[in-house]
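Structural features, examined
Chain by chain, the residues:
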Amino acid sequence: MSKIHKNPMRIYEPQRRCESTNNMRIYKPAAGLRLWQDFSSFVRFASHLPDSHRGRGFTIVETLIAIAVLLLSATAPLSLAERSLASAQAAEQEVTAFYLAQEAIEFVRNLRDENALAGRGGTEWLRGLSECLRSEGCGIDPTAPSGSRIVQCSSANDNCALFQYTGAVNDRLRGLYGHRQTSGWSRSALARRVFIREITRDVEAEVLVRMEWTAGALGERSIEVRGNFLNWYAAP
């Protein structure tokens, strides 16, 4: 006569069921999610692994590779940020260089007009600009006292390197550029040279202003601004 054994399984909450894996009971919702299925598969796979693999940690090689990947992933954004900052700084310097070149053009035009108003036409229409007619070019400093606003470019002044006034905050020269190397003037990354070439003697001249500077990681940069001037006053 056979014996009837009662089912020893306990009754759990509705809509839940039990799974056993190597004497370990795991409970999950009846409508289990994909995440639960993946986890269950992993548990079943891990239960069949040898003990030597189940408790094994990372090796030195695996750790070094993980560190290398982490460093590479962190270096790329930093390099991009560095180049972005360098580009922004270069753009700012380029705008400053353009305005400084235009300043030199306007200075030459103003001096041409002064000569004309003083009756110095003909061969004297470029009076005061003889240094700029040389092949080395000249430096123009509108902030300097009269008589020393035009300097000859040479190695002594680093080929007309520009200095920025960083002295007293309330000084009218604060932030301006010039060729003076006295107290309060700090060397900038910019250099300005002016070249004048007569196209038609005593009639027309070309003015070229060359700005040069170092833009950090982007290296050496330069721009040129040109302008033509006519001798519109004929001496009597």
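Residues numbered from 1 in each chain as written. Predicted model: local features only at pLDDT ≥ 70, side-chain atom pairs only at ≥ 80, totals over all residues. Heavy atoms only, no water.

1. Regarding the packing of aromatic side chains
Here the structure, examined in full by the defined rule, presents two aromatic pairs. Ring geometry for Phe-98 and Tyr-99: centres 5.9 Å apart, planes at 70°, overall edge-to-face. In this structure Phe-98 comes out as partly exposed when scored by relative accessible area, which is 43%. Of the residues examined, Tyr-99 reaches a relative accessible area of 58% and is grouped as exposed. (Phe/Tyr/Trp six-rings, centres within 6.5 Å; stacked < 30°, edge-to-face > 60°. Buried < 20%, exposed > 50% of the residue type's maximum accessible area, 1.4 Å probe, protein only.)

2. So, the state of the cysteines
Considering all chains together, one arrives at two disulfides under this definition. In this model Cys-132 forms its disulfide with Cys-138; the gap between the sulfur atoms is 1.8 Å. In this structure the cystine formed by Cys-132 and Cys-138 twists about its S-S bond by roughly 75°; its chirality is therefore right-handed. Each sulfur of the disulfide joining Cys-153 and Cys-160 lies 1.9 Å from the other. Judged by the sign of its S-S torsion, about -110°, the bond between Cys-153 and Cys-160 is left-handed. (Disulfide = S-S within 2.5 Å.)

3. Quick look at unusual backbone geometry
Positive phi values are uncommon outside glycine, yet Asn-159 reaches one of about 55°. For Asn-159, the location among the structural elements is in the loop between strand S4 (150-152) and strand S5 (161-165). Taking the relative accessible area as the measure of exposure, Asn-159 reaches 40% and is therefore partly exposed. Although it is not a glycine, Asp-202 adopts a positive phi angle of roughly 65°. Assignment of secondary structure puts Asp-202 in the loop between strand S7 (185-200) and strand S8 (204-214). (Helix = DSSP H or I, 4+ residues; strand = E, 2+ residues; numbered from the N terminus.)

4. Details of a nonpolar patch on the surface
Together, Ile-60, Leu-64, Ile-67 and Leu-71 line one region of the surface with nonpolar side chains, adding up to about 420 Å² of accessible area. Along the chain, the position of Leu-64 falls in helix H3 (residues 60-117). (Patch = residues over 30% accessible without salt bridge, like charges linked within 9 Å, V, L, I, M, F, W, Y side chains within 5 Å. Areas by Shrake-Rupley, 256 points an atom, 1.4 Å probe, with all protein chains shown as cover. Salt bridge = Lys/Arg side-chain N within 4 Å of Asp/Glu carboxyl O.)

5. Considering the pattern of salt bridges
The full count for this structure, using the stated rule, is 11 salt bridges. Put simply, Glu-94 and Arg-221 hold a salt bridge, and the shortest N to O gap is 3.8 Å. Of this pair, Glu-94 sits in helix H3 while Arg-221 sits in strand S9 (residues 220-230), and the two are 127 residues apart along the sequence. According to the relative accessible area criterion, Glu-94 is partly exposed, its value standing at 34%. On the basis of relative accessible area, Arg-221 is assigned to the partly exposed category, the value being 33%. Close ionic contact of Asp-141 with Arg-180 constitutes a salt bridge, the shortest N to O distance being 3.9 Å. Here Arg-180 lies in the loop between strand S6 (177-178) and S7 and Asp-141 lies in the loop between strand S3 (138-140) and S4, a separation of 39 residues in the sequence.

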